[in-house]
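# Fold and contact review
Read off the chains here:
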Amino acid sequence: MTEIHTPRLLLRRWDEDDDLVPMAEINADPEVMRWIGDGSVRDLEQTAENIERWEEEWDDEGFGLFAVELLASGELAGFVGLSVPDFLPEVLPAVEIGWRLGTPFWGQGYASEAAQAVLEFALTDRGLDRVISIARIGNDASENVMRKLGMVPDRVTKHPVYGHPLRVHAIDLTEYQA
């Protein structure tokens, strides 16, 4: 299953022709990117490389980041999905649930709605027994989504490259209630 429908959203694989420009606009927003990596925005070429890498992860791992489309308008809101957090070797082997939505889509429950569906996908379709999520400390909005998903703090660590503090949350999917 590589498409998931929720009441308001379609989670699907990437179509670079349609998704590149709107995702590049999301990646170019400093407010969106302030909690990601070193906080740098990404341009069109970097976004194209991201989408290519995300699609390769689907092929390699059998899961990946879903493009999140609003059913009502067809707009690309961003992504929600599963990935291997290679940037943080201390948590490996692990699968992370993550999200990045454009600012017009914040505060409307889209991240939580999509993430709930992705957790169910992780458990029922991919057979994962545990999923983590990683947030830079201070990113209260993402940590709120993690709590809504039933995730609990697992550890505090530092980003191995940038040095900022990170909190890792986890959920045992054998106890997950959809």
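Details of the structure are given in the entry above.
Read on for a plain summary of the structure.

The rules we used
Along each chain, residues carry numbers from 1 onward, in the same order as the chain's sequence is written. For a predicted model such as this one, the threshold for reporting local features is a pLDDT of at least 70, and the threshold for listing and counting side-chain atom pairs is 80 or more; totals across whole chains, interfaces and linings nevertheless cover every residue. The side-chain numbers reported here are obtained from all heavy atoms of the structure, hydrogens and water having been left aside. Comment: elements are numbered from the N terminus, with helices defined as DSSP H or I runs of at least four residues and strands as E runs of at least two. One less than the number of residues in a helix, times 1.5 Å, gives the span that helix is expected to have. Relative accessible area decides the class of each residue, using a 1.4 Å probe on protein chains only: under 20% of the type maximum gives buried, over 50% gives exposed, and in between gives partly exposed. The contact rule is simple, with two residues in contact once any of their heavy atoms fall within 4.5 Å. Under the rule applied, a polar contact is a pair of N or O atoms within 3.5 Å (in protein, one hydrogen donor and one hydrogen acceptor; residues adjacent in sequence only if both atoms are side-chain atoms). The working definition used for a salt bridge is a side-chain nitrogen of Lys or Arg within 4 Å of a carboxyl oxygen of Asp or Glu.

## Topic: helix 3 (residues 44-61)
In an α-helix, one turn spans 3.6 residues, which is why side chains three or four residues apart end up on the same side. Counted at 1.5 Å a residue, the expected span for helix 3 with its 18 residues is 26 Å, and the 25 Å between its end C-alpha atoms agrees. Residues of helix 3 that are buried: Thr47, Ala48, Asn50, Ile51, Trp54, Glu55, Glu57 and Trp58. Lining the buried residues of helix 3 we find helix 1 (16-27), strand 3 (65-70), strand 4 (76-83), strand 5 (96-101) and helix 4 (110-125). Where helix 3 begins, one side-chain oxygen reaches toward the backbone nitrogen of glutamate 45, 3.1 Å away; that side chain belongs to aspartate 43. Just downstream of helix 3 lies glycine 62, where phi reads positive at about 85°.

## Overview of the pattern of salt bridges
Opposite charge on two side chains permits pairing when their charged atoms draw close. Taken as a whole and assessed by the stated rule, the structure comprises 11 salt bridges. Ionic pairing is found between arginine 8 and glutamate 113, a salt bridge with its closest N-O pair at 2.6 Å. Placement of the pair is arginine 8 in the loop between strand 1 (4-5) and strand 2 (9-12) and glutamate 113 in helix 4, with a sequence separation of 105 residues. Residue arginine 8 is classed as partly exposed on the basis of its relative accessible area, which comes to 32%. The salt bridge partner of aspartate 154 is arginine 130, with a shortest N-O separation of 3.2 Å. Residue aspartate 154 is located in strand 7 (residues 152-158), and its partner arginine 130 is located in strand 6 (residues 130-136); the two are separated by 24 residues in the primary sequence. With a relative accessible area of 37%, arginine 130 lands in the partly exposed category. Sharing partners across several salt bridges, the network here consists of Glu90, Arg130, Asp154 and Arg155.

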